[in-house]
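Per-entry structural report
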Amino acid sequence: ELHFQQVSHLHRTHHHAEGLHAELALAHVELAGRDHMTGAPLEDHWNGKQTALVAELYASSVSLHTPDGELSGLEGASYLLQAYATAFPDFRLTVHEMISERDKVVVRYTFTGTHSGPLAGIPATGKQVSVPNGTLIFRLTDSKVSEGHCLWDKYGLLQQLGVLASGAPAGT
């Protein structure tokens, strides 16, 4: 398992050897702008539940596409964190992979926590959940998230909370 501070950046080149030096120089500039997205501020924001970092990490016009719906602006980014921090005060995102290329950062993670507060009308169940293989795909503009596709197994989460029957095939 990787923690945010331990993640290394990957940069692939698709150019011939003569363009390698220019590509590496460009990669250095791109990675410098993304370092704050992959280091302590991102970990502090999610695992430290610090909504004050929203303006540092997200563009004011950010658009977030999630299983819970579309969220926009800094208010939307704050709402996403607050909703899950309220429902799962002890939640933790454990990063397994992080890949950066050009203006994109992709993260694969596991979400764990105890359902101690309401979530979308579901009262607290006290159940511990583990939702593996969550994926975040961030597009960065001026070193801030301008668009995010946040994917997680909402069906599996609802099964673990006991809201949906587990083991039943879809459509039955």
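This is a predicted model, so every value here is computed, not measured.

1. Overview of the pairing of strand S3 (residues 92-101)
In summary, the side chains of a regular strand alternate between the two faces of the sheet. Looking at chain direction, S3 and strand S4 (residues 104-114) are connected through nine bridges and run antiparallel. Within S4, the position partnered with Ile99 by the bridge is Val106. Between S3 and the antiparallel strand that follows it, S4, lie two residues; Arg102 among them carries a positive phi value of about 55°.

2. A word on the pattern of salt bridges
All told, the structure shown has four salt bridges when counted by the stated rule. With its nearest N and O atoms 2.8 Å apart, the salt bridge here joins Arg108 to Glu97. You can see Arg108 sitting in strand S4 and its partner Glu97 sitting in strand S3, a full 11 residues away along the chain. When the shortest N-O distance is used, the salt bridge between Arg139 and Glu147 registers 3.3 Å. Judged by relative accessible area, Arg139 falls into the partly exposed class, the value being 30%. For Glu147, a relative accessible area of 22% translates into the label partly exposed.

3. Re the confidence of the model for the protein
Predicted confidence across the protein gives a mean pLDDT of 80, with 73% of residues reaching 70 or more. For the protein, helix H1 (residues 20-38) is the element with the lowest average pLDDT, namely 40, and strand S1 (residues 58-66) is the one with the highest, namely 97. Counted against residues more than four places away or in other chains, residues 1-36, with its pLDDT under 50, gives 58 contacts.

4. Focus: the sheet that holds S1
Spatial strand order, S2-S1-S6-S5-S4-S3: six strands in an open sheet with mixed pairing. Looking along the sheet, the strands with just one partner apiece sit at the ends: strand S2 (69-72) and S3. For this sheet, the mean inter-axis angle between neighbouring strands, taken without regard to orientation, is 15°. Judged from the 10 bridges that link them, S4 and strand S5 (residues 128-141) form a sheet pairing that is antiparallel. Within S5, the residue paired with Val105 across the bridge is Phe138.

5. Side note on the packing of aromatic side chains
Under the criterion given, the structure shown has seven aromatic pairs. Ring centres 6.3 Å apart and planes at 10° place the aromatic pair Tyr84 and Phe88 in the stacked group. Residues Tyr84 and Phe111 carry aromatic rings whose centres are separated by 6.0 Å and whose planes lie at 80° to one another, so their mutual orientation is edge-to-face. Placement of Tyr84 in helix H4 (residues 73-87) and of Phe111 in strand S4 is noted, with a sequence separation of 27 residues between them. Its relative accessible area of 7% is what places Tyr84 among the buried residues.

6. Examining unusual backbone geometry
Among all residues except glycine, the phi angle is most often negative; among peptide bonds, the trans geometry is most common. Positive phi values are uncommon outside glycine, yet Ala120 reaches one of about 50°. Structurally, Ala120 can be placed in the loop between S4 and S5. The phi torsion at Asn133 lies on the positive side, around 60°, for a residue other than glycine. Here Asn133 lies in strand S5.

Calculation criteria
- Residues numbered from 1 in each chain as written.
- Predicted model: local features only at pLDDT ≥ 70, side-chain atom pairs only at ≥ 80, totals over all residues.
- Heavy atoms only, no water.
- Pairing = 2+ DSSP bridges.
- Helix = DSSP H or I, 4+ residues; strand = E, 2+ residues; numbered from the N terminus.
- Salt bridge = Lys/Arg side-chain N within 4 Å of Asp/Glu carboxyl O.
- Buried < 20%, exposed > 50% of the residue type's maximum accessible area, 1.4 Å probe, protein only.
- pLDDT = per-residue confidence, 0-100.
- Contact = heavy atoms within 4.5 Å.
- Axes fitted to C-alpha atoms, helices over the stretch in contact; angles between N-to-C directions.
- Phe/Tyr/Trp six-rings, centres within 6.5 Å; stacked < 30°, edge-to-face > 60°.

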